[in-house]
Each structure stands twice: as C-alpha cells, then as structure tokens.
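Overview (structure and organization)
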Amino acid sequence: MASTASSNFFRHWFRVEIIPIYCVTAVAVGGATWYLSRLARGPDVIWDRTPVRKEEYIFKEEGSEG
C-alpha cells in the first residue's frame, strides 16, 4: 500500500519536464524572501508602534533641535 502511494505520488509530481519549473519557482521565492528581509532590516524601518512622525524620530536620533 505504501509503495503504491509513493509511486503514484512520484509519478504525478516528479516528472522530468517539471523540474525546471520547480527550480525557477524556488529561486523566485528565495529571492523575494531575501529582498523582503533586507528591506525589513533597513535603516529607514522603524519597528515601533508609537505615533511619531519620521522626521521627529530622525531629529531625536541625531540630537539636533530640528
């Protein structure tokens, strides 16, 4: 029973013609994940829930009176 299910699964999902589609999809998802994580860790992102304008936050970080 298990060998029949696994052979049916492999016959349906792992055809030789479909492997390039899997590769392109994996590269696209990996690249999008990398790019979004890079954007989320950038210096312009503020992970704070207080309602402060961006300019006030920047002036406070620089120490100027703005």
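Residues numbered from 1 in each chain as written. Predicted model: local features only at pLDDT ≥ 70, side-chain atom pairs only at ≥ 80, totals over all residues. Heavy atoms only, no water.

Within the protein, the secondary structure is distributed over three helices and zero strands. Helices and strands in the protein line up, N terminus first, as α-α-α. For the protein, the residues scored as buried account for 0% of the 66 residues in total. When the accessible surface of the protein is totalled, it reaches about 6,400 Å², and 65% of it is carbon and sulfur. (Helix = DSSP H or I, 4+ residues; strand = E, 2+ residues; numbered from the N terminus. Buried < 20%, exposed > 50% of the residue type's maximum accessible area, 1.4 Å probe, protein only. Areas by Shrake-Rupley, 256 points an atom, 1.4 Å probe, with all protein chains shown as cover.)

A contiguous nonpolar surface patch, about 540 Å² in accessible area, is contributed by Phe9, Phe10, Trp13, Phe14 and Tyr22. Tallying contributions element by element places helix 1 (residues 2–13) first for the nonpolar patch, with three residues. In this structure, Tyr22 sits in helix 2 (residues 19–40). (Patch = residues over 30% accessible without salt bridge, like charges linked within 9 Å, V, L, I, M, F, W, Y side chains within 5 Å. Salt bridge = Lys/Arg side-chain N within 4 Å of Asp/Glu carboxyl O.)

The predicted structure's coordinates, where accompanied by low pLDDT, should not be read in detail. A residue-level look at the protein finds 61% of positions with pLDDT of 70 or above and a mean pLDDT of 76. No element of the protein has a lower mean pLDDT than helix 3 (residues 54–62), which averages 60, and none a higher one than helix 2, which averages 94. (pLDDT = per-residue confidence, 0-100.)

Below, the discussion takes up the environment of Thr25. Structurally, the position occupied by Thr25 is in helix 2. The exposure class of Thr25 is partly exposed, given its relative accessible area of 43%. Polar side-chain contacts of Thr25 include one of 2.8 Å to the backbone oxygen of Ile21. (Polar contact = N/O pair within 3.5 Å; in protein donor to acceptor, adjacent residues only side chain to side chain.)

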